[in-house]
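# Secondary and tertiary structure notes
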Amino acid sequence: MTDMQIRQFMRNFFERYYQKLEQIGNGIAILRPLDESDRAMWCDDADSEQEWKAWKLIPTVVTDKDIEQLEKDIDTKLPQCLRYFLTVYHHYFDSPIGCNPISNPFEAILNAWNPILVKYGYLPFTWDREGYYIRCIDLKNMPDDEQCGIYQIDHEVLFSMDESNVEREDIDENMEYLSQNFFTYLENILNEGELI
């Protein structure tokens, strides 16, 4: 995919998924306990007196410089698919997508980040819906985003590993394959509501 196609794919994904959630229970799925730090994300008819408010997608304010700082902080380069994912819209989608609100635009990645996974070429980007598995992009086929599979690892298994003795093979054998790439991962979520 070209850069323009990736950006359009991400924009379409966010808009379609938001619309799907907005229809669930007359908008109940887009209610969050939002405070002033994310006021720009409040829907226009949000009541400031209510803790739970409907949120809306807003165009990102994340810059290339912000992405470069994130890459420095997490000690790895982002694949283009994830770069565009983070630079289209701010949102409050829960796991398995991960929140990236205006007040904390890299919340999902920073919450899932793990040095062992990054060291061995897996980029954590969110948790599963139940909070048991860390979801990752396998970076070994970079820069070809379409060949970077999506995997998950049980956090208890990961956290029980001895960081000083673990090898890539130890990580690989505990990874569960989810999807061919980030694009199919998002399409599965959109079409099925969650990965199988």
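See the structure printed just above.
Residues numbered from 1 in each chain as written. Predicted model: local features only at pLDDT ≥ 70, side-chain atom pairs only at ≥ 80, totals over all residues. Heavy atoms only, no water.

### Description of the pattern of salt bridges
On inspection of all chains with the given rule, the structure shows nine salt bridges. A salt bridge links Arg-39 to Glu-36; the nearest nitrogen and oxygen atoms lie 2.8 Å apart. The exposure class assigned to Glu-36 is exposed, which follows from its relative accessible area of 53%. Between Glu-71 and Lys-77 there is a salt bridge, with its nearest N and O atoms 3.6 Å apart. Shared partners join several salt bridges into a network, and the residues in it are Asp-138, Lys-140, Arg-168 and Asp-172. (Salt bridge = Lys/Arg side-chain N within 4 Å of Asp/Glu carboxyl O. Buried < 20%, exposed > 50% of the residue type's maximum accessible area, 1.4 Å probe, protein only.)

### Here's the deal with the environment of Tyr-18
Summarising the element assignment, Tyr-18 is placed in helix α1 (residues 3-23). On the basis of relative accessibility, which here comes to 10%, the residue Tyr-18 falls in the buried class. Here the alpha-carbon distance between Tyr-18 and Met-142, two residues 124 residues apart in the chain, equals 30 Å. A polar contact of 2.4 Å, which involves the side chain of Tyr-18, links it to the backbone oxygen of Trp-55. (Helix = DSSP H or I, 4+ residues; strand = E, 2+ residues; numbered from the N terminus. Polar contact = N/O pair within 3.5 Å; in protein donor to acceptor, adjacent residues only side chain to side chain.)

### What to know about a nonpolar patch on the surface
A grouping of Ile-28, Leu-31 and Trp-52 is seen on the molecular surface, where their side chains present a nonpolar patch of about 320 Å² in accessible area. Along the polypeptide, Leu-31 turns up in strand β1 (residues 31-33). (Patch = residues over 30% accessible without salt bridge, like charges linked within 9 Å, V, L, I, M, F, W, Y side chains within 5 Å. Areas by Shrake-Rupley, 256 points an atom, 1.4 Å probe, with all protein chains shown as cover.)

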